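# Structure at a glance
If you want the building blocks of each chain, they are given just below.
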Amino acid sequence: MKRMTDLLVATLLIVILFLPMLLIAIWIKLDSEGPVLFKQKRKGQYDGHFTIYKFRTMAIDTPNLATDELQNAAAFITKSGHFLRKTSLDELPQLFNILKGDMSFVGPRPALYNQYELISKREQFNVHAAKPGLTGYAQVNGRDLISDEHKVRYDAYYVQHYSLWFDIKIVCKTVTKVFKQQDIA
């Protein structure tokens, strides 16, 4: 049921958002050197790896680290990137990850392949059994502003209490947070 919902909604959103995504791609190309899409290796379900897609918001010479691990991360963010990150529009290409089956709309956010401490903590609480999500329970409870320990607790709670109704509540809360631009570092 969840996979069918993901496929249906992702397809519908790609059709509806095709023109805005095309305009974002043109803006990125005009704003800075490099590709439109940012691709990065992430941890998937059951410790598999996949390539996540995002609109590129940082300079092409940015080190391959989590943003919170970069010294002076703001110096690497492009002009278009500031807006795309603040509005979460940089995440739209992940609709294709959902179509491919690498991700779901709701689930724990996929860790970078080199976030070993976070990955280890998630394995302890069986979080790795869930398909990564475009949004998740940790995102609506602090997102970039909470510790890995808190993220893992929220992710574990989600895995243990999954339901369609819980997913709908998380999606609604995500939309509210994005429009209010809350919890974005």
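Residues numbered from 1 in each chain as written. Predicted model: local features only at pLDDT ≥ 70, side-chain atom pairs only at ≥ 80, totals over all residues. Heavy atoms only, no water.

### Focus: helix H1 (residues 2-16)
Taking 1.5 Å per residue, 15 residues should reach 21 Å; H1 reaches 21 Å between its end C-alpha atoms and fits that length. Buried within H1 we find Asp 6, Ala 10 and Ile 14. For H1, the buried positions fall inside an angular range of 50° around the axis, keeping them on one side. Those residues of H1 that are exposed and angled more than 90 degrees off the buried face are Met 4, Leu 8, Leu 12, Val 15 and Ile 16. Each element contacted by the buried residues of H1 is listed here: helix H2 (18-31), helix H4 (94-100) and strand S3 (104-106). (Helix = DSSP H or I, 4+ residues; strand = E, 2+ residues; numbered from the N terminus. Expected span 1.5 Å × (residues − 1). Buried < 20%, exposed > 50% of the residue type's maximum accessible area, 1.4 Å probe, protein only. Arc of directions from axis to C-beta. Contact = heavy atoms within 4.5 Å.)

### Quick word on the pattern of salt bridges
For the coordinates displayed, the defined rule picks out 8 salt bridges. The residue Glu 117 makes a salt bridge to Lys 121 at a minimum N-O spacing of 3.0 Å. Of this pair, Glu 117 and Lys 121 both sit in helix H5 (residues 116-124), separated by 4 residues, roughly a single helical turn. Exposure remark for Glu 117: the relative accessible area of 53% places this residue in the exposed category. Taking the relative accessible area as the measure of exposure, Lys 121 reaches 15% and is therefore buried. Ionic contacts of the salt-bridge type, sharing partners, join the residues Lys 54, Glu 91 and Arg 109 into one network. (Salt bridge = Lys/Arg side-chain N within 4 Å of Asp/Glu carboxyl O.)

### Comments concerning empty space enclosed by the protein
Enumeration according to the criterion identifies 1 cavity of 30 Å³ or more in this entry. Put simply, the largest cavity is a space of about 130 Å³. Around the largest cavity sit 14 residues that line it, and Lys 43, Gly 44, Arg 122, Val 127 and His 128 are the ones nearest its centre. Ranked by residue count, the leading element in the lining of the largest cavity is H5, at 3 residues. (1 Å grid on protein atoms, 1.4 Å probe; cavity = no way out; pocket = protein on both sides within 12 Å on 5 of 7 lines; lining within 4 Å. Points joined across faces, edges and corners; volume = space filled by probe spheres on them.)

### A short note on the pairing of strand S1 (residues 37-43)
Across 7 bridges, the pairing between S1 and strand S2 (residues 49-55) is antiparallel. Bridge pairing in S2 links Lys 43 to His 49. In textbook terms, the turn of a hairpin is the stretch between consecutive antiparallel strands, and for S1 and S2 this stretch comprises 5 residues, one of which, Tyr 46, has a positive phi near 55°. (Pairing = 2+ DSSP bridges.)

### Describing the confidence of the model for the chain
With 98% of its residues at a pLDDT of at least 70, the chain reaches an overall mean of 92. Model confidence for the chain, summarised as mean pLDDT per element, is weakest for H5 at 91 and strongest for H4 at 98. (pLDDT = per-residue confidence, 0-100.)

### Quick notes on unusual backbone geometry
What is expected of a backbone is that most residues other than glycine have negative phi and most peptide bonds are trans. Backbone geometry at Tyr 46 places phi at a positive 55°, although glycine is not the residue there. Topologically, Tyr 46 is positioned in the loop between S1 and S2.

### Focus: H2
The terminal C-alpha atoms of H2, which comprises 14 residues, lie 20 Å apart, in line with the 20 Å expected from a rise of 1.5 Å per residue. Every buried residue belonging to H2 is among Met 21, Ile 24, Ala 25 and Ile 28, and all of these are buried. Buried positions in H2, seen along its axis, are confined to an arc of 100° and lie on one side of it. Exposed positions of H2 whose direction lies more than 90 degrees from the buried face are Leu 19, Leu 23 and Leu 30. Buried residues belonging to H2 abut S2, helix H3 (79-87) and H4.

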